[in-house]
Structure formats: C-alpha cells, structure tokens
Amino acid sequence: MLSKDFDSAPGLTIPPTHWYRSLAAAGLHNPDVHGPARHWLQVEGSFTKALQKKCRSSFQVDVIREGFAEPSDEEARRLSIPRRQKAWIREVQLCGDGHPWVLARTIIPVSCLEGRGRRLLNLGNKPLGAYLFSSPDWERGPLETGLCQTELENQPQLARRSLFHCGQTALMVCEFLLPALYNTDPSL
C-alpha cells in the first residue's frame, strides 16, 4: 500500500468505531450525537460542499494513504464482499482554513473500478464527493452514525458513513469528525 504520514496533524488516526443504523440509535449510547456535531452527522448532500461553505479562505484534501489492501472484516461484511478480498482503500484528511476537520476512509471494491470507475484510482487531491455527486451513476444509501473508541481529546469522537451504489456494486465512504470542525470556539 502507498503510504504518507499525517504531516500537518501528527498523531491523528482513524479509531475503531461502533456503527449504528441511525443517529437516534447512536444517541442512546452517546448523547453527544445530538450536540454541536449533529449538523455534520446529518449533512445529506455533498459533505465536501458543506465543508467548503464553512471555510473562510481555503479547503484542501490531503491524501494520507491509498492503495490496494484488505478492508476490515466489518467493512467487508457491510459491503457484501468476501473476507480478505483486496479493495482500493483511500484515506484522506479534509482541511479547512489550514486545519484538519475530517479524516475520511473510502473502501472501493474491485468491482467498482471497472469502466468509468477506473477514475477512482487517480483522484489525487481531488475530493471524492465531487466525483460521486456529479455522476448520475452513483446513488447514496442511508447515513449511519459511528461512535469512535478513543481516549484522546483531539481525535475523532463521532463519525458517519454511507454506501454509494452504482448498479450492483457499492463503495463505502466513512467520515470521522475532528472536534475542530464543530467546536464553537472561533479561535480554533
């Protein structure tokens, strides 16, 4: 797998996460989903566009790592692909105004990489959302809410994910919200 360390935010990692089919179900386990992050957990359209609107000056996508690797067992089950089948996995950091706001992990099964889907291998620093929401071939499924298992203050505590379907294939986009995104202190 190609690899690049987090340059602008050392120590940020994607934590183990428990996923719930709804915000309400996650809220039974952690009421924080109904706090300041709620808006971001429920954004229905392009998450990238919503982040860009929040920016005062700049938005950028930093690729952390991408390449063929095995999804976790839970990810493979959710995508209905065989265990140990490699997929294109892309992890990025979405930054607004020079600060990391979101860690994103996308799992793209090989079946999604045929035909026009080959473009997904060469996104570079372009946001995946721009591709998915501009293509009539992709349809987003329901949002799920994640409760991250981390002990560190500035690590993601909450997350969201959804499947995007194109015919009989699907890919998974997971977005892990960093506290700087929804913190109400404007100095952060």
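Overview of the structure. Please read all numbers here as calculations on a predicted model, not as lab measurements. Each chain has its residues counted from 1, running along the sequence as written. Thresholds applied to this predicted model are a pLDDT of at least 70 for local features of residues and 80 or more for the giving and counting of side-chain atom pairs; totals over whole chains, interfaces and linings are not thresholded and use all residues. Working from all heavy atoms in the structure, the side-chain values ignore hydrogens and water.

**Some details on the overall build of the chain**
Right, on to step 1. Looking only at helices and strands, the chain features six helices and nine strands.
Right, on to step 2. In this treatment the radius of gyration is a C-alpha quantity, and the globule benchmark scales as 2.2 Å times the residue count to the 0.38 power. Against the compact-globule benchmark of 16 Å for 188 residues, the chain has a radius of gyration of 16 Å, which places it among compact chains.
Right, on to step 3. Overall size of the chain, expressed as C-alpha extent along the three principal axes, is 45 × 35 × 30 Å.
Right, on to step 4. Burial classes follow relative accessibility: with a 1.4 Å probe on protein chains only, a residue under 20% of its type's maximum area counts as buried, one over 50% as exposed, and anything between as partly exposed. When each of the 188 residues of the chain is scored for burial, the buried share is 52%.
Right, on to step 5. The contact criterion used throughout is that any non-hydrogen atoms of two residues lie within 4.5 Å. For the chain, restricting intrachain contacts to residue pairs at least 6 apart in sequence, the fraction spanning at least 24 positions comes to 65%.
Right, on to step 6. Working definition of accessibility: Shrake-Rupley area with a 1.4 Å probe, residue cover restricted to the visible protein chains. Element-wise, carbon and sulfur atoms account for 50% of the exposed surface of the chain, whose accessible area totals about 9,900 Å².
Right, on to step 7. Residues scored as charged are limited to Lys and Arg (positive) and Asp and Glu (negative), so that His and the chain ends carry no count. Taken as the charge location is NZ of Lys, CZ of Arg, CG of Asp or CD of Glu. Charged side chains in the chain number 22 positive and 20 negative. The centres of these two groups are separated by 6 Å. Secondary structure elements are taken from DSSP: a helix is a run of H or I of four residues or more, a strand is a run of E of two residues or more, and numbering for both begins at the N terminus.

**As for unusual backbone geometry**
Right, on to step 1. Despite not being glycine, Ser80 has its phi angle at roughly 55 degrees, a positive value.
Right, on to step 2. The phi angle at Arg84 is positive, at roughly 70 degrees, despite the residue not being glycine.
Right, on to step 3. For Arg84, the position within the fold is in the loop between helix H4 (73-79) and strand E4 (87-96).
Right, on to step 4. On the accessibility criterion, Arg84 (58% relative accessible area) is exposed.

**Brief notes about the pattern of salt bridges**
Right, on to step 1. Throughout this description, the term salt bridge denotes a Lys or Arg side-chain nitrogen within 4 Å of a carboxyl oxygen of Asp or Glu. Across all of its chains, the model carries ten salt bridges by this definition.
Right, on to step 2. The partner of Arg65 in a salt bridge is Glu91, with the nearest N and O atoms 2.9 Å apart. Of the two residues, Arg65 is situated in strand E3 (residues 59-69) and Glu91 in strand E4; the sequence distance between them amounts to 26 residues.
Right, on to step 3. On the basis of relative accessibility, which here comes to 8%, the residue Glu91 falls in the buried class.
Right, on to step 4. Its salt-bridge partner being Glu66, residue Arg90 comes within 3.6 Å of it at the nearest N-O pair. Of the two residues, Arg90 is situated in strand E4 and Glu66 in strand E3; the sequence distance between them amounts to 24 residues.
Right, on to step 5. Since its relative accessible area comes to 2%, Arg90 is described here as buried.
Right, on to step 6. Within the structure, one salt-bridge network assembled from shared partners comprises Arg65, Glu75, Glu91 and Arg105.

**A closer look at the packing of aromatic side chains**
The description of an aromatic ring pair rests on the distance of the ring centres and on the angle between the ring planes.
Right, on to step 1. By convention, a stacked pair of Phe, Tyr or Trp rings (six-membered ring in the case of Trp) has centres within 6.5 Å and planes under 30 degrees apart, an edge-to-face pair has planes over 60 apart, and any other such pair is tilted. If you walk through the whole model with that rule in mind, you get four aromatic pairs.
Right, on to step 2. Between Trp19 and Phe176, the aromatic rings sit 6.0 Å apart at their centres with planes inclined by 70 degrees, giving edge-to-face as the arrangement. Of this pair, Trp19 sits in strand E2 (residues 17-20) while Phe176 sits in strand E9 (residues 169-177), placing them 157 residues apart in sequence. Of the two residues, Trp19 and Phe176, both sit in the buried class.
Right, on to step 3. Each ring, one from Trp40 and one from Phe47, has its centre 5.9 Å from the other, and the planes form 85 degrees; the classification is edge-to-face.
Right, on to step 4. Ring-over charges, as used throughout, are those where CZ of Arg or NZ of Lys falls within 6 Å of the ring centre and within 35 degrees of the ring normal. The ring of Trp101 carries Lys54 above its face, with NZ or CZ at 5.3 Å from the centroid.

**Observations regarding the nonpolar core**
When a protein is soluble and globular, its nonpolar side chains tend to lie buried together.
Right, on to step 1. Counting 24 residues, the largest nonpolar core has Trp40, Phe47, Leu51, Val102, Leu177 and Leu181 as the members making the most contacts within it.
Right, on to step 2. Of all the secondary-structure elements, those providing two or more residues to this core are helix H1 (23-29), helix H2 (38-42), helix H3 (47-54), E3, E4, strand E5 (99-109) and helix H6 (179-182).
Right, on to step 3. Every residue in contact with Leu177, bar those within four places of it in the chain, is listed here: Ala37, Trp40, Leu41, Phe47, Trp101, Val102, Pro156, Gln157, Leu158, Ala159 and Tyr182.
Right, on to step 4. Here, nonpolar core refers to any group of buried Ala, Val, Leu, Ile, Met, Phe, Trp, Tyr and Cys residues whose side-chain atoms link them within 4.5 Å. Ile64, Ala69, Ala87 and Met172 belong to the second-largest nonpolar core, a separate cluster that totals 19 residues.

**Topic: H3**
Side chains that are three or four residues apart share a direction in an α-helix, a result of its 3.6 residues per turn.
Right, on to step 1. Within H3 the residues assigned to the buried category are Phe47, Thr48, Ala50 and Leu51. The buried residues of H3 all sit within an arc of 160 degrees when viewed along its axis, so they share a single face. Seen from the open side of H3, the exposed residues pointing more than 90 degrees away from its buried face are Lys49 and Lys53. Along the arc lie the directions from the helix axis toward the C-beta atoms.

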